[in-house]
Amino acid sequence: MPNKERSITRIILVCLFWLALVATAVFAADNSELIAVVLSDNIGPYQAAAKGFKNYLSKNGANIQIVDYLMNEYKENELTSVVDKILANKQNLIFTLGTYATKVMQKTAKDTPVVFAMVLIPDKVGVLPPGVVMDIPLTVKFFNIKKILPRVKRIGLIYSASSAALYEEALKAGGKTDFKIIGKMLESGRDFPAAFEEVSGQADCILMIADSEVYFAKSVEHLLRESYTKKIPVIGLSSNYVKAGALVSFDCDYEDLGAQAAELALKIAADGGTLNAQFVSPRKVKFALNLKVAEMMNIAIPESIINEAGEVFGR
Amino acid sequence: MKIGISQKIILLFIILVVILTSSIGTFFVRRERSILLSEFDQRSRILLSSAATNIEYPLLVGDLGTLNKIGEGILKQQDVIFYSIVDKEGKVVLWGGAEKEKNARKYSASIISERQSGTEDLVLGSQMKETEEIGRLYLSLSINSLTQKIKDVSGAIALLVVIGIILASFFINLLVKFMLGRPINILLKGIEKISGGNLGYKVPLASQDEIGELATSFNKMTRDLQKTTVSVKVLGEEQKRFQDVTRSTEDWIWEIDAEGRYIYVNSVIEKILGFRPEEIIGKYFYEFYLPDDKEALKKEMSEVFSKQKEFKNFINRNVRRDGEVVIIESTGLPQIDETGKLLGYRGAGRDITERKRAEEELRAAYEELKHTQAQLVQSAKMASVGVLAGGVAHEINNPLTGVLNNVQLIKMIAEQKNNFSIEEFKELLNLIEESALRCTKITRSLLSFSRASKGILQPVSLNEMVDRVMVLVEHELKLENIVIQRETADNLPLIRGDAQLLQQIIFDTITNSKWAIQKKSQKDGGVIIIKTSHEPGSRFINLSISDNGVGIPKENLERIFEPFFTTKPVGEGTGLGLSIVYNIIKEHNGTIAVESDPGERTTFKITLPVVAAV
């Protein structure tokens, strides 16, 4: 083919390609899913979950447009307008992270499916499925405690009336994992020192539970301070506590948790939005270690465990 | 009490320094006080916040032991004198220290308990927290130490201010004294010297600042002042001289402006016109002219003014206050500025009324005198004519005798001869003609001599005048055995004179010479030499008449031209001859001098101006 004709052909092909691309984009735009991602707070775990959510959808070919909203940016009196704005976009799906965002959107988005993630105990706070909860089952925790702290036989648990169910669950899990649960219920937060005093005398470690009646900044400070004194290791609620002085904690893989939520969302989408899924527990658990605390408490942590840990503090 | 400029400046500076340093000191004291207070407050609040934070949990859990420990720790903090912990109901849970104390500042803070708002917030460490006030912490801190610190700081600053003032004052004093006081004193000294009269004094300051410039300007000023003083002195002297002159002079000093109004007159005007100077000032110069003369003089002066010319001896008639007319002779000089504009005239005037009157009288007297003189001359001439008469008669008699004799001879011949020709009588006729001409000449001379002078000066020939007189006197002198030698120059320039008077002087001088010769020796006779000459280029011609008569004694030489002076016996002369000669020569602008050797000779030397020289 003469050179001139070859050039002209090349130009025509390039133009057709770009036209196809544009057409695809146009058509794709028409066929894309619009998902609102609403975060309760701008914290790392929520961001990680949101990232996992988006990546999963992208990898699986979902044609999505994601619009992020941070609820903590708005004041109480602005929420209504924000919610209206979200709903006005007529999303195909609303993905919420955290109790606050989930409760708000579930209350207002009547016609749009809402999938949540990162809610700790959904039925306790009135959150409805579908969604991926954040709570790691106690049996999982106990299995890991046995692996990490083989010498621990008795697990202390300080709870309040609002977390009595957790105590019951712990008793059951302890039975399954051959742990004795030393529990002490608090009447009020001011009883914590005494309760700790009592429990720490009997238990090999203290397991923190997500009960704000029992654990708040000062009580946690007291707990960690006293645990040093009494050399009683604390199983923290998250790696933040391990960093602050707990020995070990069990965390979700927040990114994977987001991906889990994305899976759920796709299923709902495939189902036409009617899938009435149950709560899904996180499938990946990781733990954090504080070697300095372990050293101070004369607790030997095997290297293999250390290598397995998701986060290690106090190297 | 006199305060010098240096002291004033120093005082001013000190006041400024005091104000400034006091202000700065006050500012710093206040600032320090504010800082200390602020630090106190900040420290107190930090303590309060820290204590409240520590108290939160023990209060929450009712841990009195821990609260007590915290309380004891609080009381040990600097300046804390009291604390109290109150629960949310307002009930005092714990307190310590002494509450009531003066000079204490009170602080309080809420004791806040924070809880995560949600369970996952508890797990995730979210910032969404709920807070609850569970009590209040009250602290009282004594400000005694603060007050003392403030006092100490204030004292230190005050001390610094005082030291600063003292040092600044000291240095300002030094600086001002050196930089200002000393140069000013040098300047003052210079002023004293100069005011004492030492205008040549030079201020010894050469600093490169305003004082140095002032000194330089001052020195220049004194140099100029020196010049000006001299000028002023000279001016003063000139002014005094002027004032003395204007006061002492009899002349009227005046000045008018360009319009002709008087702007200055001296006091003499009152004597002249009867008006005081202040009555003249502002009036036009022509207001005092005689009304008949006013317009003409005004016009004449206007022409002079327009040409900006000076005028001299301007005669003008003015009317005095009493109505009398005074004649003023004025002289004026124009005053012109650098642009050529006429500013006015200055001059002087003199009352010449008396002078004019005297001139008139003098003129009249002169006329009278001239008339008298003319009469005298004529009388002398007539006397001379009288003197001449005999000689002239004799002079005429000879030629007439000759005429008669020759006519008689011709008559006789004519009677004796019947045939005779004119040729035979030609010689006799020639003799008759010659005699008749001689008579004519003599009579003409006599007529000319006797004619009264008309007083008209016109070009005449001196030689001719000599000739005319010779005609009259030659014969008689011959009879007296007096020889006339004539040495008259040829081409003698004409002189301007009166012919009759000139003949008179020649005649009278010859007559005087004749008398002198006769007095010496009547028998021996003598010689009269008449000489005329002219030196080339001279304005005068010379006439000398010498005789070898009796001469003139030395003591009489000076008097011979005095009227009525004579050495002739009474009846022989009036003594007017030579005085008339003298006067006539004077009238002709000539000179006469006499030289005489008594007993030998006398020479009258006369000079008369030639026509061009008159």
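Each value, and the rule that gives it
- Residues numbered from 1 in each chain as written.
- Chains lettered and ligands numbered in written order.
- Predicted model: local features only at pLDDT ≥ 70, side-chain atom pairs only at ≥ 80, totals over all residues.
- Heavy atoms only, no water.
- Helix = DSSP H or I, 4+ residues; strand = E, 2+ residues; numbered from the N terminus.
- Buried < 20%, exposed > 50% of the residue type's maximum accessible area, 1.4 Å probe, protein only.
- Contact = heavy atoms within 4.5 Å.
- Areas by Shrake-Rupley, 256 points an atom, 1.4 Å probe, with all protein chains shown as cover.
- Buried area = accessible area lost by both parts, 1.4 Å probe.
- Salt bridge = Lys/Arg side-chain N within 4 Å of Asp/Glu carboxyl O.
- Polar contact = N/O pair within 3.5 Å; in protein donor to acceptor, adjacent residues only side chain to side chain.
- Nonpolar A, V, L, I, M, F, W, Y, C, P; charged D, E, K, R; others polar.
- Pairing = 2+ DSSP bridges.
- Phe/Tyr/Trp six-rings, centres within 6.5 Å; stacked < 30°, edge-to-face > 60°.
- Expected span 1.5 Å × (residues − 1).
- Arc of directions from axis to C-beta.
- Core = buried A, V, L, I, M, F, W, Y, C linked by side-chain atoms within 4.5 Å.
- Axes fitted to C-alpha atoms, helices over the stretch in contact; angles between N-to-C directions.
- Parallel < 35°, antiparallel > 145°, perpendicular 65-115°, else oblique.
- Left-handed = near helix turned anticlockwise from the far one by under 90°.
- pLDDT = per-residue confidence, 0-100.
- Patch = residues over 30% accessible without salt bridge, like charges linked within 9 Å, V, L, I, M, F, W, Y side chains within 5 Å.

Caption draft 1: The arrangement of the overall build of chain A in detail. Within chain A one finds 13 helices and 13 strands. Evaluated residue by residue, chain A yields a buried proportion of 48% over its 315 residues. By sequence separation, contacts in chain A at least 24 residues apart represent 65% of the contacts at least 6 residues apart. By element, 54% of the accessible surface of chain A is carried by carbon and sulfur atoms, the whole surface being about 15400 Å².

Caption draft 2: Focus on the overall build of chain B. When helices and strands are tallied, chain B shows 14 helices and 16 strands. The buried share of chain B, reckoned over its 614 residues, is 39%. With the model as given, the accessible surface of chain B reaches about 35700 Å², and the carbon-plus-sulfur share is 56%.

Caption draft 3: Structural detail: the interface of chain A and chain B. Contact with chain A, which involves 33 residues of that partner, is made by 21 residues of chain B. Both faces combined, the contact of chain A with chain B buries some 2100 Å², and carbon together with sulfur accounts for 60% of it. The tally of links between chain A and chain B comes to 1 salt bridge. Notably, a salt bridge pairs Lys218(A) with Glu56(B), separated by 3.9 Å at the nearest N-O pair. Summed over the shared surface of chain A and chain B, the result is 4 residue pairs in polar contact (both at pLDDT 80 or more). Every element with two or more residues in the side of chain A that touches chain B is listed here: helix H2 (44-59), helix H4 (99-108), strand E4 (114-119), helix H8 (192-200), helix H9 (217-230) and helix H10 (239-244) of chain A. A breakdown of the residues in the side of chain A that touches chain B according to their chemical character gives 18 nonpolar, 9 polar and 6 charged.

Caption draft 4: Summary view of the pairing of strand E7 (residues 180-186) of chain A. Judged from the 7 bridges that link them, strand E6 (residues 154-160) of chain A and E7(A) form a sheet pairing that is parallel. Looking at E7(A), one finds that Gly156(A) is bridged to Ile182(A).

Caption draft 5: Structural detail: the side chain of Lys514(B). Residues and elements named next belong to chain B. Relative to the helices and strands, lysine 514 is located in helix H12 (residues 499-520). Relative accessible area serves as the criterion here: at 15%, lysine 514 is assigned to the buried category. A distance of 3.0 Å separates a polar atom in the side chain of lysine 514 from a polar atom in the side chain of glutamate 476. Non-local contacts of lysine 514, meaning those with residues more than four positions away in its chain, are made with Glu476, Leu477, Glu480, Ile482 and Ile528.

Caption draft 6: Fine view of the environment of Val325(B). Residues and elements named next belong to chain B. Examined against the element boundaries, valine 325 turns out to sit in strand E8 (residues 325-336). Once the C-alpha coordinates of valine 325 and tyrosine 289 are considered, the two residues, 36 residues apart in sequence, prove to be 9.0 Å apart. Not counting residues within four places of it along the chain, the set of residues in contact with valine 325 comprises Leu290, Arg317, Asn318 and Thr353.

Caption draft 7: Representation of the packing of aromatic side chains in the model. All names here are of chain A. Inspection of the entire model under this criterion finds 24 aromatic pairs over all chains. With a centroid separation of 3.7 Å and an interplanar angle of 10°, the aromatic rings of phenylalanine 53 and phenylalanine 95 are classed as stacked. Of this pair, phenylalanine 53 sits in helix H2 while phenylalanine 95 sits in strand E3 (residues 93-97), and the two are 42 residues apart along the sequence. Across the pair, phenylalanine 95 and phenylalanine 53 agree in class, each one buried.

Caption draft 8: Molecular detail of helix H2 (residues 64-76) of chain B. Residues and elements named next belong to chain B. Counted at 1.5 Å a residue, the expected span for H2 with its 13 residues is 18 Å, and the 18 Å between its end C-alpha atoms agrees. Taken together, the buried positions of H2 are occupied by Leu67, Ile70, Gly71 and Ile74. Taken down its axis, H2 places every buried residue within 105° of arc, on the same side. Exposed side of H2, more than 90 degrees from the buried face: Lys69 and Lys76 are the residues found there.

Caption draft 9: Local environment of unusual backbone geometry. All names here are of chain B. Residues other than glycine seldom take positive phi values, yet aspartate 79 does so here, at roughly 75°. With respect to the helices and strands, the residue aspartate 79 is situated in the loop between H2 and strand E1 (80-87). Look at asparagine 481: it is not a glycine, yet its phi comes out positive at around 65°. In this fold, asparagine 481 is placed in the loop between helix H11 (462-479) and strand E11 (482-487).

Caption draft 10: Broad picture of the nonpolar core. If you look at the biggest cluster of nonpolar residues, it comprises 119 residues, and the most contacted ones within it are Phe53(A), Leu97(A), Met118(A), Phe142(A), Tyr215(A), Ile55(B) and Leu137(B). The leading source of residues in this core is helix H1 (residues 5-61) of chain B, at 12 residues. Beyond its immediate sequence surroundings of up to four residues, Leu97(A) is in contact with Val37(A), Val38(A), Leu39(A), Ser40(A), Tyr46(A), Ala49(A), Ala50(A), Thr102(A), Ala117(A) and Met118(A). Formed by 42 residues, the second largest nonpolar core is a distinct cluster that contains Val460(B), Leu501(B), Val581(B) and Ile584(B).

Caption draft 11: Fine view of the side chain of Ser44(B). Among the secondary structure elements, Ser44(B) is positioned in helix H1. If sequence neighbours within four positions are ignored, Ser44(B) has contacts with Tyr107(B), Leu139(B) and Leu141(B).

Caption draft 12: Expanded view of the packing of H8(A) against H9(A). All names here are of chain A. Packing of H8 against H9 brings their axes to within 11 Å, and their N-to-C directions diverge by 30°. The angle between H8 and H9 falls in the class roughly parallel. By crossing handedness, the relation of H8 to H9 is classed as right-handed. Counting all contacts with H8, which are made through Phe192, Pro193, Phe196, Glu197 and Ser200, the residues of H9 involved are Ser219, His222, Leu223, Glu226, Ser227 and Lys230.

Caption draft 13: Focus on the pattern of salt bridges. All names here are of chain B. Under the defined criterion, the tally for this structure stands at 38 salt bridges over all chains. One salt bridge connects glutamate 255 with arginine 346, and the closest N-O pair in it is separated by 2.9 Å. Within this pair, whereas glutamate 255 is found in strand E5 (residues 252-257), its partner arginine 346 is found in strand E9 (residues 342-351), the two being separated by 91 residues in sequence. A relative accessible area of 18% places glutamate 255 in the buried class. Judged by its relative accessible area of 43%, arginine 346 falls in the partly exposed class.

Caption draft 14: Representation of the environment of Thr229(A) in the model. All names here are of chain A. Counting through the fold element by element, threonine 229 comes out in helix H9. By relative accessible area, threonine 229 is classed as exposed at 58%. Each C-alpha atom of the pair threonine 229 and methionine 297 lies 9.4 Å from the other, and the pair is 68 residues apart in sequence. At 3.1 Å, the side chain of threonine 229 and the backbone oxygen of arginine 225 are in polar contact.

Caption draft 15: Summary view of the sheet that holds E8(B). Residues and elements named next belong to chain B. Strand order in the open sheet made by the 5 strands is E6-E5-E9-E8-E7, with antiparallel pairing throughout. Each end of this open sheet is capped by a strand with a single partner; those strands are strand E6 (262-265) and strand E7 (311-319). On average, adjacent strands in this sheet sit at an angle of 30° to one another, irrespective of strand direction. Strand direction decides the pairing type here: E8 and E9, joined by 9 bridges, are antiparallel. The partner of glutamate 329 across the bridge, within E9, is arginine 350. Running over the sheet, helix H8 (residues 291-307) touches E5, E7 and E9 and is turned about 155° from E7.

Caption draft 16: Expanded view of the sheet that holds E4(A). All names here are of chain A. Spatially, the 6 strands line up as an open sheet ordered E2-E1-E3-E4-E5-E11, and their pairing is parallel. Two strands bound the open sheet, and with one partner strand each, they are strand E2 (64-70) and strand E11 (279-280). Relative to strand E5 (residues 131-133), E4 runs parallel, the two being bridged by 3 bridges. Residue pairing in the sheet places phenylalanine 116 in a bridge with glycine 131 of E5.

Caption draft 17: View of the confidence of the model for chain A. Residue and element names in this part refer to chain A. Looking at chain A, the pLDDT average stands at 85 and 91% of residues meet or exceed 70. No element of chain A has a lower mean pLDDT than helix H1 (residues 3-31), at 59, and none a higher one than strand E8 (residues 205-207), at 96. Below pLDDT 50 for its whole length, residues 21-30 participates in 3 contacts with residues either more than four positions away or in separate chains.

Caption draft 18: Summary view of a nonpolar patch on the surface. Residue and element names in this part refer to chain B. A grouping of Leu159, Ile163, Leu167, Phe170, Phe171 and Leu174 is seen on the molecular surface, where their side chains present a nonpolar patch of about 590 Å² in accessible area. As for its placement among the helices and strands, isoleucine 163 is situated in helix H4 (residues 144-195). Residue class for isoleucine 163 comes out partly exposed when judged on its relative accessible area of 39%.

Caption draft 19: Spatial organisation of the pairing of E5(B). All names here are of chain B. Counted residue by residue, E5 has 6 buried out of 6 residues, so it is predominantly covered. Covered by surrounding structure in E5 are Trp252, Trp254 and Ile256 together with Ile253, Glu255 and Asp257, the residues of both alternating faces. Inspection of the sheet shows E5 paired to E9 by 6 bridges, in the antiparallel sense. Note on E9: the bridge partner recorded for tryptophan 252 is glycine 349. The pairing of E5 with E6 spans 3 bridges and is antiparallel. In the strand pairing of E6, glutamate 255 is matched with tyrosine 264.

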